[in-house]
Amino acid sequence: VGVARSQAALGRDEEAERNFRRAQSLLPGYWPLYRDIGIFHLGSARYGDAVEAFQAALALGGDGDVRVHNNLGSALLQADRLEEAAREARRAVEDLAREVPPSHALMLDASGHAARALLRLERKDEARALLPAVSATAPQDLASEQRWRFFDLQLTRVEAEASPVQ
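Residues numbered from 1 in each chain as written. Predicted model: local features only at pLDDT ≥ 70, side-chain atom pairs only at ≥ 80, totals over all residues. Heavy atoms only, no water.

Visitor: Can you break down the pattern of salt bridges residue by residue, with the values?
Guide: Two side chains bearing opposite charge may form a pair once their charged atoms approach each other closely. For the coordinates displayed, the defined rule picks out 14 salt bridges. A salt bridge links Arg 123 to Glu 83, with the nearest nitrogen and oxygen atoms 2.8 Å apart. Placement of Arg 123 in the loop between helix H7 (104-120) and helix H8 (124-128) and of Glu 83 in helix H6 (residues 82-98) is noted, with a sequence separation of 40 residues between them. Here Glu 83 falls in the partly exposed class, since its relative accessible area comes to 46%. The salt bridge partner of Arg 98 is Asp 95, with a shortest N-O separation of 2.5 Å. One end of the pair, Arg 98, and the other, Asp 95, are both in helix H6, three residues apart, so they sit about a helical turn from each other. Among the residues examined, Asp 95 registers a relative accessible area of 14% and is labelled buried. Within this structure, Arg 5, Arg 35, Asp 36 and Asp 65 form a network of salt bridges that share partners. (Salt bridge = Lys/Arg side-chain N within 4 Å of Asp/Glu carboxyl O. Helix = DSSP H or I, 4+ residues; strand = E, 2+ residues; numbered from the N terminus. Buried < 20%, exposed > 50% of the residue type's maximum accessible area, 1.4 Å probe, protein only.)

Rendered as structure tokens:
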């Protein structure tokens, strides 16, 4: 599995895919493998394959890993499966809110996926309601504050684009 991940990171996609398939034959029930395969497919813009891999990871026992839900939300968003994307990304946000200490970077990522899906579904109040969760996890350092402000500005820009001109 580590070899396949390294090959994928180096852009050796054919070799990585071959080694991921080999790992699947050796470890068919190992859910982290399917998470890694999903990440590989997500990076290769093969969103349908990524969705399948993340769903397999969840079915094999990865349901407790917030990163699987977050990545599945991202893949679903890229595949234009917006309702499902919003559901999975919001699940990640809710799970992250219960973590101690919560991961602010992952919260930004999951909230961003959920907000983009919700805004494309024209549910901007639900998207804006994600901001308190992001703010609550923010460490007090400058980089995190800048990232939160960027998320808020992004959300405001997308909302403005979706609103009719007066």
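Visitor: Describe the environment of Ala 53, with residues and values.
Guide: One can find Ala 53 in helix H4 (residues 47-59). Given the relative accessible area of 6%, Ala 53 is considered buried. Considered as a pair, Ala 53 and Leu 72 are 19 residues apart in the sequence and their alpha carbons are 8.8 Å apart. What Ala 53 contacts, discounting residues up to four positions off in sequence, is Tyr 34, Ile 37 and Gly 38. (Contact = heavy atoms within 4.5 Å.)

Visitor: Would you mind going over the nonpolar core in detail, with residue names and values included?
Guide: In this structure, Phe 20 and Phe 54 are the most contacted members of the largest nonpolar core, which totals 42 residues. At the level of elements, helix H2 (13-26), helix H3 (31-43), H4, helix H5 (66-78), H6, H7 and helix H9 (131-137) are the ones that each hand at least two residues to this core. With nine residues, the single largest contributor to this core is H7. If sequence neighbours within four positions are ignored, Phe 54 has contacts with Tyr 34, Arg 35, Gly 38, Ile 39, Leu 42, Val 68, Asn 71, Leu 72 and Ala 75. (Core = buried A, V, L, I, M, F, W, Y, C linked by side-chain atoms within 4.5 Å.)

Visitor: Which residues make up a nonpolar patch on the surface, and what values do they have?
Guide: A cluster of nonpolar residues, Leu 26, Leu 27 and Tyr 30, forms a patch on the protein surface that exposes about 300 Å² of accessible area. Here Leu 27 shows up in the loop between H2 and H3. (Patch = residues over 30% accessible without salt bridge, like charges linked within 9 Å, V, L, I, M, F, W, Y side chains within 5 Å. Areas by Shrake-Rupley, 256 points an atom, 1.4 Å probe, with all protein chains shown as cover.)

Visitor: A description of the packing of H6 against H7 should follow, citing residues and the corresponding values.
Guide: Following both chains from N to C, one finds H6 and H7 inclined at 150°, their axes separated by 8 Å at the closest point. What the angle tells us is that H6 and H7 run roughly antiparallel. With respect to the hand of their crossing, H6 and H7 are arranged in left-handed fashion. Listed contacts from H7 to Leu 82, Ala 85, Ala 86, Ala 89, Arg 90, Ala 92, Val 93, Leu 96 and Ala 97 of H6 are Leu 106, Met 107, Ala 110, Ser 111, His 113, Ala 114, Ala 117, Leu 118 and Arg 120. Grouping the constituent residues of the contact of H6 with H7 by class yields 14 nonpolar, two polar and two charged. (Axes fitted to C-alpha atoms, helices over the stretch in contact; angles between N-to-C directions. Parallel < 35°, antiparallel > 145°, perpendicular 65-115°, else oblique. Left-handed = near helix turned anticlockwise from the far one by under 90°. Nonpolar A, V, L, I, M, F, W, Y, C, P; charged D, E, K, R; others polar.)

Visitor: Kindly report on H7, identifying the contributing residues and their values.
Guide: Spanning 17 residues, H7 covers 24 Å between terminal C-alpha atoms, matching the ideal 24 Å at 1.5 Å per step. Positioned one or two residues after H7, Glu 122 has a phi angle of 60°, which is positive. (Expected span 1.5 Å × (residues − 1).)

Visitor: How would you explain the packing of H5 against H7 if you had to name every residue and give the values?
Guide: Close contact between H5 and H7 brings their axes to 10 Å; oriented N to C, the two are set at 35°. For the element pair H5 and H7, the recorded crossing hand is left-handed. Here Val 66, Arg 67, Asn 70, Ser 74 and Leu 77 of H5 come into contact with H7, specifically with Leu 106, Asp 109, Ala 110, His 113, Arg 116, Ala 117 and Arg 120. Here the contact of H5 with H7 is built from residues that sort into five nonpolar, three polar and four charged.

Visitor: Mind laying out the packing of aromatic side chains, listing which residues take part and the relevant values?
Guide: Scanning all chains against the criterion turns up one aromatic pair. With a centroid separation of 5.5 Å and an interplanar angle of 45°, the aromatic rings of Phe 20 and Phe 40 are classed as tilted. Here Phe 20, found in helix H2, pairs with Phe 40, found in helix H3; they are 20 residues apart in sequence, far enough to count as distant. The pair Phe 20 / Phe 40 is uniform in exposure class, with both members buried. (Phe/Tyr/Trp six-rings, centres within 6.5 Å; stacked < 30°, edge-to-face > 60°.)

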